[in-house]
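The lines below spell out each chain.
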Amino acid sequence: MTAVMGRERLKCYSLTGEQGERAVSLGLAGGSEWFRSDIERKRMKELMRRSDFPAVRDTLLWFGLMGAFAAAGIVLWRSWLALVCFAIYGVLYGSGCDSRWHECGHGTAFKNTWLNDRVYAIASFMDMRDPTVWRWSHTRHHTDTLIVGRDREIAVMRPARLARILLNFFGLVEFPHALWEMLCHASGHLTPEERTFVPPDEQSRVFRTARVWCGIYCLTIAAIVITHSVVPFLIVGGPRIYGVYLLQIYGLTQHAGMGENVLDHRLNTRTVYMNCVHRFIYSNMNYHIEHHMFPMVPYHRLADLHEEVKRDMPEAYPSLWAAYKEIIPAVLRQLKDQTYYVRRELPPGAAPYRVPPDGRALLETR
Amino acid sequence: MGVRFSKPAEMQAHEMPTWVAACVAEDVDKEDVIGFSHEDRDFAIYRTAEGEFFATDGHCTHERTLLCDGLVMGHVIECPKHNGRFDIRTGKAIRTPALTDLQTFPTKVEDGTVFVFV
């Protein structure tokens, strides 16, 4: 048995390689054995219960702020104040859209399914993530969180692709990649990886959506040419470059440096306390262990869920800064030692970690 | 309380279905679901807000998550893992990632006990 290490190990993450099949054969895939805290059924129902009010309020505020700052940016164009306006607009668009895409993708943001699906469609466009492909991709992420060869959404692999991570603070990898995927879909093709998780019956919807999006981006380009101004790009599409950095800062706290091939979200996910501004932009996804453990609890009840389960949880990180003080050294250490991962202490009386006792976490050996 | 019925394939081959006591009616809150196991098979027993009882296979057809941990909303059960949804009266899958219908079973209530025809 030889461990696959170094850059060679990155091949293990491919969904079309042998690791995915091995994960299935070893019983790591399929999502049936994950640890969950015990919560009384009546309380769980209260937490899962849907309501339109919080999401309608937050969505109106989100769109309202974007509209106000975009309008102010246009009016104040050629003044330095326009920079401030577009900086805020860009974060609301480029970073705020991702958590709306995410929440509506889970179907939990709104009680009203129609509203949920409309906001999902809009947020998907803003996020440049095809609503069908990414719904299936994210479904897999929740079934097989950080299972190597199964989870397409592992942002920080071992060893980390540092240049890619840093460039993505300005969307410099994801933006062109999303454009390429959109053109690929518009021409009637899925990537080989996408074909592993998008059912054939759903594929025509992907192609149709991509063609509509291409039309919208063509109109944006036409507006740039007609107005001789970059403003249309700053409003549509551009925020996925200049406003995406906050999403990266949030997103990397979710799983970077944590355990792979474990069946316990407390070992592969973080919960980080954040202030109300961050929580608004991020739709409370800072309670990420709780979200993974109980994905059908709406974002506006995650703080309550956190109180219910924290007896079983490692202590939440008090701030983004505290999280990054752990993440950066862990990711740098994983450049040399790909067996290392962060393993945190549980409070006294907590349910013990659920780790496959038979070496399945060493999946990358062959 | 009867609903559309389709026999499990293995039952068709091996044994005749029969009425099995699943739970006491009061065990199931209105607009809720509980799990019930019989001969190594899991079922979900539902009670609607109107007091009707329904029964389906116990696992989501998408990835076999137990539906008894899910949320009942009207006549819809939502899988607690991925938001797949089914009509509990017919078993019809009505939201992705659930694409395959659930198997349903007839139910009846006698003397406060819920029976399922399995």
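Fair warning: this is a prediction, and the values are worked out from it, not measured in the lab. (Residues numbered from 1 in each chain as written. Chains lettered and ligands numbered in written order. Predicted model: local features only at pLDDT ≥ 70, side-chain atom pairs only at ≥ 80, totals over all residues.)

(A) The overall build of chain B, seen in detail. Within chain B one finds one helix and 11 strands. Reading the secondary structure of chain B in the N-to-C direction produces α-β-β-β-β-β-β-β-β-β-β-β. In chain B, buried positions account for 40% of the 118 residues. In chain B, the proportion of contacts linking residues at least 24 apart, taken out of those at least 6 apart, comes to 44%. (Helix = DSSP H or I, 4+ residues; strand = E, 2+ residues; numbered from the N terminus. Buried ≥ 20, exposed ≤ 12 C-beta atoms within 10 Å, placed from the backbone. Contact = placed C-beta atoms within 7 Å.)

(B) Region of the structure containing the sheet that holds strand β10 (residues 107-110) of chain B. All names here are of chain B. Spatially, three strands are ordered β1-β11-β10 in an open sheet, and the strand pairing comes out antiparallel. The open sheet has two free edges, formed respectively by β1 (19-24) and β10, since each of these has just one partner strand. If you compare each strand with its neighbour and ignore which way they point, the axes differ by 30° on average. As paired strands, β1 and strand β11 (residues 113-117) are joined by five bridges and run antiparallel to one another. Directly across from V24, in β11, lies its bridge partner T113. (Pairing = 2+ DSSP bridges. Axes fitted to C-alpha atoms, helices over the stretch in contact; angles between N-to-C directions.)

(C) Up close: the sheet that holds strand β7 (residues 85-87) of chain B. Residues and elements named next belong to chain B. In space, the four strands of this open sheet follow the order β5-β6-β7-β8, with antiparallel pairing throughout. Looking at strand neighbours, the two that pair on one side only are β5 (71-73) and β8 (93-95), the edges of this open sheet. Mean inter-strand twist for the sheet, computed between neighbouring axes without regard to direction, equals 30°. Of the pairings in the sheet, the one linking β5 to strand β6 (residues 76-78) comprises three bridges and is antiparallel in character.

(D) The arrangement of the interface of chain B and chain A in detail. Across the contact, 13 residues belong to chain B and 15 residues belong to chain A. Residues of the side of chain B that touches chain A, tallied by class, amount to four nonpolar, three polar and six charged. (Nonpolar A, V, L, I, M, F, W, Y, C, P; charged D, E, K, R; others polar.)

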